[in-house]
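Below are the chains, spelled out letter by letter.
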Amino acid sequence: MNWQPAEFFRAAGETLVCTLCPRACALADGDLGWCRVRRRRGGRLETATFATSLWHWDAVERKPLYHYRPGSEVLTLAAPGCTLRCLYCQNHRLSQFGREAGVVWGARALEPGAAIATAAGRGAAVNLDLKSLDRHRHRALTGGDPVPVLETLAILLAAGVWVEVSTPLIPGVNTDPAALRTLARTIAGLGRWTPSREVEP
Ligand code: SF4
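So, here is what we can say about the structure in this document. As the structure is a prediction and not an experimental result, all values here were calculated from the model.

1. What about the overall build of the protein chain?
Then step 1. When helices and strands are counted, the protein chain shows 5 helices and 12 strands.
Then step 2. Split into buried and exposed, the 201 residues of the protein chain put 26% on the buried side.
Then step 3. Look at the contacts in the protein chain between residues 6 or more apart in sequence, and 61% of them connect residues 24 or more apart.

2. Considerations on the sheet that holds strand S3 (residues 15-18)
Then step 1. Strand order in the open sheet formed by 3 strands is S2-S3-S4, and the pairing between neighbours is antiparallel. At either end of the open sheet lies a strand with only one pairing partner, and these are strand S2 (9-12) and strand S4 (26-27).
Then step 2. As paired elements, S2 and S3 share 4 bridges and run antiparallel to each other. Across the sheet, Arg10 pairs through a bridge with Val17, a residue of S3.

3. As for the site of the ligand
Then step 1. Around the ligand, a shell composed of Cys18, Leu20, Cys21, Arg23, Ala24, Cys25, Gly33, Trp34, Cys35, Arg38 and Thr83 is seen.
Then step 2. Class assignment for the residues of the shell around the ligand results in 7 nonpolar, 2 polar and 2 charged.

4. A short note on unusual backbone geometry
Then step 1. The phi dihedral of Arg36 falls on the positive side, at around 65°, and the residue is not glycine.
Then step 2. Mapped onto the elements of the fold, Arg36 is located in the loop between S4 and strand S5 (38-41).
Then step 3. Exposure remark for Arg36: the 19 C-beta atoms within 10 Å place this residue in the partly exposed category.
Then step 4. Not every positive phi belongs to a glycine, and Arg69 is a case in point at roughly 50°.
Then step 5. Relative to the helices and strands, Arg69 resides in the loop between strand S7 (54-59) and strand S8 (73-78).
Then step 6. Owing to 15 C-beta atoms within 10 Å, Arg69 belongs among the partly exposed residues under this scheme.

5. Examining the sheet that holds strand S1 (residues 4-5)
Then step 1. Taken together, 3 strands build an open sheet; the order of strands is S1-S6-S5 and the sheet is antiparallel. Whereas interior strands pair on both sides, the edge strands pair on one side only; in this sheet they are S1 and S5.
Then step 2. When S1 meets strand S6 (residues 44-47), the two strands line up antiparallel, connected through 2 bridges. Bridging across to S6, Gln4 finds its partner in Thr47.

Thresholds applied
Throughout, residues of each chain are indexed from 1 in the direction in which the sequence is written. Residue-level local features of this predicted model are given only where pLDDT is at least 70; pairs of side-chain atoms are given and counted only at 80 or more, and the full residue set underlies all totals for whole chains, interfaces and linings. Secondary structure elements follow DSSP: runs of H or I of four or more residues count as helices, runs of E of two or more count as strands, with numbering from the N terminus. Once C-beta atoms are placed from the backbone, each residue is buried if 20 or more other C-beta atoms lie within 10 Å of its own, exposed if 12 or fewer, and partly exposed for counts between those two. Residues are treated as contacting if the C-beta atoms built from their backbones sit within 7 Å of each other. Paired strands, in this sense, are two strands between which DSSP finds at least two bridges. Nearness rests on one distance test: the residue's C-beta atom, set from the backbone, must lie within 6 Å of the molecule or strand. As a working rule, the residues Ala, Val, Leu, Ile, Met, Phe, Trp, Tyr, Cys and Pro are called nonpolar, Asp, Glu, Lys and Arg charged, and the rest polar, with Gly in that last group.

Rendered as C-alpha cells:
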C-alpha cells in the first residue's frame, strides 16, 4: 500500500473525523476508516487511493457513461477501496479491500460538501448508481443511505457536470414499476438534465 497525505478531515476532541464520505469515521491515532483505505497517523489522515490497481482501454459504450462522447475510447483507472458494500457488486473481489482476499479496486461515495464540490470542479462526466429511494432497501443493498446520492446528484447538476444515473434492476427487490416511476421523477426533479448531446466529429 502506498499511503499519501489526505485532505478532507477535521478535529473533534481526541479524534479526527474524516469528511470525505457520509460515514464520517471518527479516528483515533492509528485507526483505519470503514473503507480501509484511509487511516489516521498522528494529526493527519492518509489515503491509499492514489494507487492504481487496474487500468484498461474500452469503448465508452461499455461504461456506464453511455451517452457521453459516443464512439470514443476511455482509459479506466481504478484505485483501492469503496465506502459501500453492495451485495451484488461485480467487482467485490477487488472493491472490498481488506475485507476479502484479492486484488484491489474501488470507487468512492463522496459526501455532498467540500469533497464533492472539489470533484465537481475537476470532473467532466460522472455516473452514479441510485439503487432505490427506499432507505431501508438501499441500506440493505449497499450499506449506505440514498440521501447523499441524491444530494450529490443535485450538486453535480448545479455545477454543470455531465451526469448519468444507473439503477441496477434486481427482480423482486427494486423492480416495482410504481417505485421506479417515483425514482425517475425524483431524479428528473433534481436539476436541469440534458437528455442527449450532439456527437463531436
Ligand atoms: S469510510 Fe473512508 S472515506 Fe468514508 S468517512 Fe470513513 S474513512 Fe472517510
